[in-house]
Amino acid sequence: MTVEERERRPETPAEADGTTGLLTAVGKMLRLLRERKGLTQKEFGRLVGYGPDAVSAMERGVRTVRPEVLEAEAVALHHYCSYAMHGLLQTEAHAHALFAKRRPFLSEEMIEKRVADRLGRQQVLGRWPAPIVSYVLEEL
């Protein structure tokens, strides 16, 4: 990229924090796995709750892949958190408190929906065969 191109467009967050390469690699892996299953972007998007444009953006590394896109089929889950309890380990009360304190404020209906969605993700921990799971929570 030339100096002129950098001056004309603002730096993306991924470029600013150096994660562009990581997002691109994750996107390529997502595309590889989707194609191995013989799914189009539209078909895959329908399965994970995204439109084909969003799937395309994830595969190009322009949009972050949300954990729930791959989580339900994961054979292993490993997380490191330095500041908060990971969503898969949160109780209903904990998740509700987090969403209730979020800014800008959410409606009670939206809080309940997000809590239900978060708790719904925990089904991955009870399926058979269960994924290998490890969590590290740094104590500050």
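Keep in mind the model is a prediction, meaning the values are calculated, not measured.

Visitor: Account for the overall build of the chain, with residues named and values stated.
Guide: If you tally the helices and strands in the chain, you get eight helices and two strands. Scanning the chain from its N terminus toward the C terminus, one meets helices and strands in the order α-α-α-α-α-α-β-α-α-β. Looking at the chain as a whole, 24% of its 140 residues qualify as buried. Residue pairs at least 24 apart in sequence account for 57% of intrachain contacts in the chain once pairs closer than 6 positions are excluded. As presented, the chain carries roughly 10300 Å² of accessible surface, and 58% of it is formed by carbon and sulfur atoms.

Visitor: Please give an account of helix 8 (residues 108-121) that cites residues and values.
Guide: The first and last C-alpha atoms of helix 8 sit 20 Å apart over 14 residues, in line with the 20 Å expected at 1.5 Å per residue. Ile-111, Val-115 and Arg-121 are the residues of helix 8 that are buried. Take helix 8 and look down its axis: the buried residues cluster within an arc of 120 degrees, on one side only.

Visitor: Describe helix 5 (residues 52-60), listing the residues and the values that go with them.
Guide: Among the residues of helix 5, Ala-54, Val-55, Ser-56, Ala-57, Met-58 and Glu-59 are the ones counted as buried. Phi turns positive, to about 80 degrees, at Gly-61, one or two residues after helix 5.

Visitor: Requested: an account of unusual backbone geometry, with residues and values cited.
Guide: In this structure, Pro-104 follows Arg-103 across a cis peptide bond, with omega equal to 0 degrees. Inspection of the secondary structure puts Pro-104 in the loop between helix 7 (92-100) and helix 8.

Visitor: Break down the environment of Phe-99 for me, citing the residues and quoting the values.
Guide: Of note, Phe-99 is situated in helix 7. In sequence terms Phe-99 and Met-110 are eleven residues apart; their C-alpha atoms lie 8.9 Å from each other. Ignoring any residue separated from it by four or fewer positions in sequence, one finds Phe-99 in contact with Leu-106, Ile-111, Arg-114, Val-115 and Arg-118.

Visitor: For the packing of helix 3 (residues 20-36) against helix 5, give the residues involved together with the corresponding values.
Guide: Interaxial distance between helix 3 and helix 5 falls to 6 Å at its minimum, and their mutual angle equals 125 degrees. Taken together, the axes of helix 3 and helix 5 are oblique relative to one another. Residues Leu-23, Thr-24, Gly-27, Lys-28, Leu-30, Arg-31 and Arg-34 of helix 3 form the contact with helix 5, whose participating residues are Val-55, Met-58, Glu-59 and Arg-60. Taken together, the residues of the contact of helix 3 with helix 5 sort by class into four nonpolar, two polar and five charged.

Rules used in this analysis
Residues numbered from 1 in each chain as written. Predicted model: local features only at pLDDT ≥ 70, side-chain atom pairs only at ≥ 80, totals over all residues. Heavy atoms only, no water. Helix = DSSP H or I, 4+ residues; strand = E, 2+ residues; numbered from the N terminus. Buried < 20%, exposed > 50% of the residue type's maximum accessible area, 1.4 Å probe, protein only. Contact = heavy atoms within 4.5 Å. Areas by Shrake-Rupley, 256 points an atom, 1.4 Å probe, with all protein chains shown as cover. Expected span 1.5 Å × (residues − 1). Arc of directions from axis to C-beta. Axes fitted to C-alpha atoms, helices over the stretch in contact; angles between N-to-C directions. Parallel < 35°, antiparallel > 145°, perpendicular 65-115°, else oblique. Nonpolar A, V, L, I, M, F, W, Y, C, P; charged D, E, K, R; others polar.

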